[in-house]
Amino acid sequence: MTATMEKNCSSSQINDRLSPKAEAGKNPILQVDHLVMRFGGLAAINDISCSIFHSNITAIIGPNGAGKTTFFNCLTGFYKPTEGMIRMHHEDGTVFFLERMDDFRISASTNLVRTFQNIRLFKGMTVLENLMVAQHNKLVRTFGSAISGLFCSSGYVAREREALDLAKYWLDRIGLIESANEPAGSLPYGSQRRLEIVRAMCAEPRLLCLDEPAAGLNPNETSQMNTLLRFIRDKHAVSIMLIEHDMSMVMKISDHVIVLDYGEKISDGTPEFVRNDPAVIAAYLGTEDLENIN
Amino acid sequence: MNIEKTDRSRCLNESLKASFLAALVAFALSFLVLGVETRLFENKVIVVPHWNYVALIVLTVFVMRFMSVLFSWKRRKPSTDLKRAKKSYFSALFETKFENLLKIFGIALFIFAFFLPFFPFSGRYFLDLSILILTYTMLGWGLNVVIGLAGLLDLGYVAFYAAGAYSYALLSTSFFPFLIEQGYLNPVIMNWIFWICLPLSGISAALLGISIASPVLQLRGDYLAIVTLAFAEILRMILINWDELTGGPNGISRIPHPSFLGIEFNRSPEGFSAIFDLEYSSLQRLIFLYYLIFFLAMLTNVITLRLRRLPIGRSCEAMREDEIACRSLGIDTRNTKLTAFAIGAMFAGFAGSFFAARQGFISPESFGFMESALILSIVVLGGLGSQIGIVIASIVMVGGVQAARRLEFFNTLFGPDFDPSVYRMLLFGLVMVLIMICAPRGLISHRTPSILLQKKKASPADLTLEEQR
Ligand SMILES: Nc1ncnc2c1ncn2[C@@H]1O[C@H](COP(=O)(O)OP(=O)(O)O)[C@@H](O)[C@H]1O
Ligand SMILES: [Mg+2]
């Protein structure tokens, strides 16, 4: 009893420390309460509570094995959390309880779409086909519309053209329009990373969760990635959550940073706040990332 | 120079070693199976040795293994980057040519098949064989939706073929006659019975597909294959043992033949020949059956081709590539799998009801595992996902064996008692092994994208305008 009291206290303390800027006039799009994910005896996520805000880029950082990917897997339904509550709020006031939903339904009806740490493109299909697959639900709203496609009905043709236009728009944006008809697996690594993000964008997300989008990119590609992410946030009003190791990138583009260590949240706030947080410095002490922070 | 020499001797050494080992295995296998025959002679068992067979097999295996190792050794040498680049350039060039060639070949094949009944050489036997080939082509195209498109290994496809055949047989011999007897329906519909029962049996096969697939779709790969295999066997057992409904091992006979717009093919004054003022010939029905299966197969072809370009087909393909990524994009992979299963089953149901209507008699014997294996091998040999490959494979697998039976050549070679159809399974295995060695992805492993982005080219009109300026 006292233990939970203490925990509540500490988490509320952390929330209190959240700087005013991150919260300024914004409603949370995602609220995570006391999330726990256990694998046998190991608590990969241990009582994490946090809020993600509209039209922000939120970075999740932490050392290897801190539980960042597990956290994403819980949010997107790929793991069923052991305990806790995850609520997603839409602008119209609808609330979804993600911990109870199937993975594909989370993406289809709450518009929370993710990418993966190791790229998961449909490698044998072309770049364009990858983007068309992402628009599946838009093209097939009802059973009738699925059937009508067989007969090339005008409604279906119009919808397909729309989907094609959206795909072209995003391909243009990431400079892959020339490679549209090539197999996705034949693209260079950096392009594959960007294509995976754009594919997620074709599914029209409100909250986009990116698992290490800049992993393995060279500085040039990383800056392209930054531009793309800012563009998505600013022009498409999509909130972004991303896991990242590259501290310079995190400090540059994120509005809000959450730090995990051993499955627990150790800091939460603006980049400047997190950078100077003694808890974060302690966690990173002795690691090379320390120099990157300061 | 010296290096080359040692390399060559090492190569020779290794091939000899490998082929010796293979020959030893061949000897161990053939010694008991072929080498000694036990015969009953005056109430005693005597052993008759066949050393010549064993020697022949061991020698063949030795030589083949030796050649194959020698050959692969040469290919194992790393090629330079320049060579590889050149090769890929040529293969890209070859690919576009190849695609056009395939298209032309497909059209030629279509025209040939369309006029086939009217060629002078197409007699009764030839037409029968063509009908069989077309049936298997249709089944192959149907199974291709499940295996080639959705990547679900279904070893029990024949169950849906059986479901279609039995639905047609039961509906047309007991259900509708019963309704007519009770006075609910006009007897005239018996003329149209095939056309009424065809969609019904397709639907029943599809429902069967959904009902067996739904509990087992969490299973993947091998497990799904085992369950579908077991299911087909269970269905066959039910067909054999449920005497009252299915007639058990005796099957169902006197199944009505299909009619042409309600006109039957018989000698009666309302028959086809009387109405169209032709002389009666049993060939007329055969030609009609040929066009019927041709139509059904083409329908399957068109629908499955169109399906690939629809969101459902695309998500099937995406699911085959990466199921988790599919789910992350909001695609209900469970429904997608069910759809693929149901569509594949539906075509098998159509083919099954055609089969029942053509034969006029069905029994569980026609739906054993060998049928599944044959259809599966047609799909795999043809190249997963290739429509024309499947046609070629079914011509080879179904037609080839039947044609071999008629060739005098074999009999002059092996004596008058030789019947090639006995060696059907052997041929199966041989062709499979050869194809898997030479073209592991099937005869035609080329994939055409389901949608292409048309690049805007400067049109000739623009060019001339610019030139004028
Ligand atoms: N499916 C699983 N089963 C067991 N342990 C897991 C599973 N997924 C993650 N873990 C464990 O959870 C911890 C956090 O992993 P992860 O979330 O991948 O870390 P990271 O922050 O590097 O992404 C690791 O110790 C890992 O071994
Ligand atoms: Mg990770």
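A.B. asks: When you look at the interface of chain B and chain A in this model, what are you seeing that I'm missing?
C.D. replies: It is common to report an interface's size as the accessible area lost on association of the parts. Taken together, the contact pairs 28 residues of chain B with 40 residues of chain A. A combined buried area of about 3100 Å² lies between chain B and chain A, and 64% of that area is made up of carbon and sulfur atoms. It is L329(B), I451(B) and L453(B) in chain B that bury the most area against chain A; as a group they hold 22% of the surface buried on that side. At the junction of chain B with chain A, the criterion picks out 3 salt bridges. Across the pair R314(B) and E160(A) runs a salt bridge, and its minimum N-O distance is 3.2 Å. For the interface between chain B and chain A, the tally reads 11 residue pairs in polar contact (both at pLDDT 80 or more). Elements that contribute at least two residues to the side of chain B that touches chain A include exactly α10 (282–309), α11 (311–321) and α12 (323–328) of chain B. Sort the elements by how many residues they give to the side of chain B that touches chain A and α11(B) lands first, with 7 residues. Taken together, the residues of the side of chain B that touches chain A sort by class into 14 nonpolar, 4 polar and 10 charged.

A.B. asks: Any chance you could explain the domain arrangement of chain B here in plain terms?
C.D. replies: Structurally, chain B comprises domain 1 (2–76), domain 2 (92–122) and domain 3 (129–142 + 149–369). Averaged C-alpha coordinates put domain 1 of chain B and domain 3 of chain B at centres separated by 46 Å.

A.B. asks: What is the right way to look at helix α10 (residues 219–236) of chain A in this model?
C.D. replies: Note on helix geometry: an α-helix contains 3.6 residues per turn, so any two residues three or four positions apart are oriented the same way. Helix length check: α10(A) (18 residues) gives 25 Å between terminal C-alpha atoms against 26 Å at 1.5 Å per residue, within 8%. Looking at the buried side of α10(A), the elements it contacts are β3 (57–61), α8 (154–173), α9 (189–202), β7 (207–211), β8 (239–243) and α11 (247–253) of chain A.

A.B. asks: Hey, could you run me through a nonpolar patch on the surface in this one?
C.D. replies: On the surface, a cluster of nonpolar side chains totalling about 600 Å² of accessible area is made up of I107(B), F110(B), I111(B), F114(B), F115(B) and F118(B). Checked against the element boundaries, I107(B) lands in helix α3 (residues 81–115).

A.B. asks: Got a minute to help me understand the coordination of the magnesium ion (ligand 2) in this structure?
C.D. replies: For a metal with four donors in a tetrahedral arrangement, the ideal angle between donors is 109.5 degrees, while six donors in an octahedron ideally sit at 90 or 180 degrees. Residues and elements named next belong to chain A. Protein ligation of the magnesium ion (ligand 2) involves T69 (OG1) and Q117 (OE1), the donor distances falling in the range 2.0 to 2.3 Å. One end of the pair, T69, is in helix α3 (residues 68–75); the other, Q117, is in the loop between β6 (112–114) and α5 (127–134), with 48 residues separating them in the sequence. For Q117, a relative accessible area of 33% gives the class partly exposed.

A.B. asks: How do you make sense of the pattern of salt bridges when you look at a structure like this?
C.D. replies: Summed over all chains, the structure comprises 18 salt bridges over all chains. A salt bridge links D103(A) to R327(B); the shortest N-O distance between them is 2.8 Å. Residue D103(A) is located in helix α4 (residues 103–110), and its partner R327(B) is located in helix α12; the two belong to separate chains. For the residue pair D103(A) and R327(B), the accessibility class agrees, reading buried in each case. Taking the shortest distance from any N to any O, the salt bridge between D128(B) and R358(B) comes out at 3.3 Å. Of this pair, D128(B) sits in helix α4 (residues 124–149) while R358(B) sits in helix α13 (residues 333–359), placing them 230 residues apart in sequence. Classification of D128(B) by relative accessible area gives partly exposed; the value is 30%. The buried category is assigned to R358(B), whose relative accessible area is 16%. One network of salt bridges, with partners in common, ties together R308(B), E317(B), R320(B) and E321(B).

A.B. asks: Just checking my understanding: could you explain the packing of α9(A) against α10(A) for this structure?
C.D. replies: For any two helices packed against each other, one specifies the crossing angle of their axes together with the interaxial distance. All names here are of chain A. Where α9 meets α10, the closest approach of the two axes is 10 Å, and the angle between their N-to-C directions is 10°. Between α9 and α10, the interaxial angle falls into the category roughly parallel. On α10, the residues touching G190, R193, R194, I197 and M201 of α9 are E221, Q224, M225, L228, L229, I232 and H236. Looking at the contact of α9 with α10 residue by residue, the classes come out as 6 nonpolar, 3 polar and 3 charged.

Calculation criteria
Residues numbered from 1 in each chain as written. Chains lettered and ligands numbered in written order. Predicted model: local features only at pLDDT ≥ 70, side-chain atom pairs only at ≥ 80, totals over all residues. Heavy atoms only, no water. Contact = heavy atoms within 4.5 Å. Buried area = accessible area lost by both parts, 1.4 Å probe. Salt bridge = Lys/Arg side-chain N within 4 Å of Asp/Glu carboxyl O. Polar contact = N/O pair within 3.5 Å; in protein donor to acceptor, adjacent residues only side chain to side chain. Helix = DSSP H or I, 4+ residues; strand = E, 2+ residues; numbered from the N terminus. Nonpolar A, V, L, I, M, F, W, Y, C, P; charged D, E, K, R; others polar. Domains from an automatic or database assignment. Expected span 1.5 Å × (residues − 1). Patch = residues over 30% accessible without salt bridge, like charges linked within 9 Å, V, L, I, M, F, W, Y side chains within 5 Å. Areas by Shrake-Rupley, 256 points an atom, 1.4 Å probe, with all protein chains shown as cover. Donors = N, O, S within 2.8 Å, 3.2 Å for Na, K, Ca; no water. Buried < 20%, exposed > 50% of the residue type's maximum accessible area, 1.4 Å probe, protein only. Axes fitted to C-alpha atoms, helices over the stretch in contact; angles between N-to-C directions. Parallel < 35°, antiparallel > 145°, perpendicular 65-115°, else oblique.

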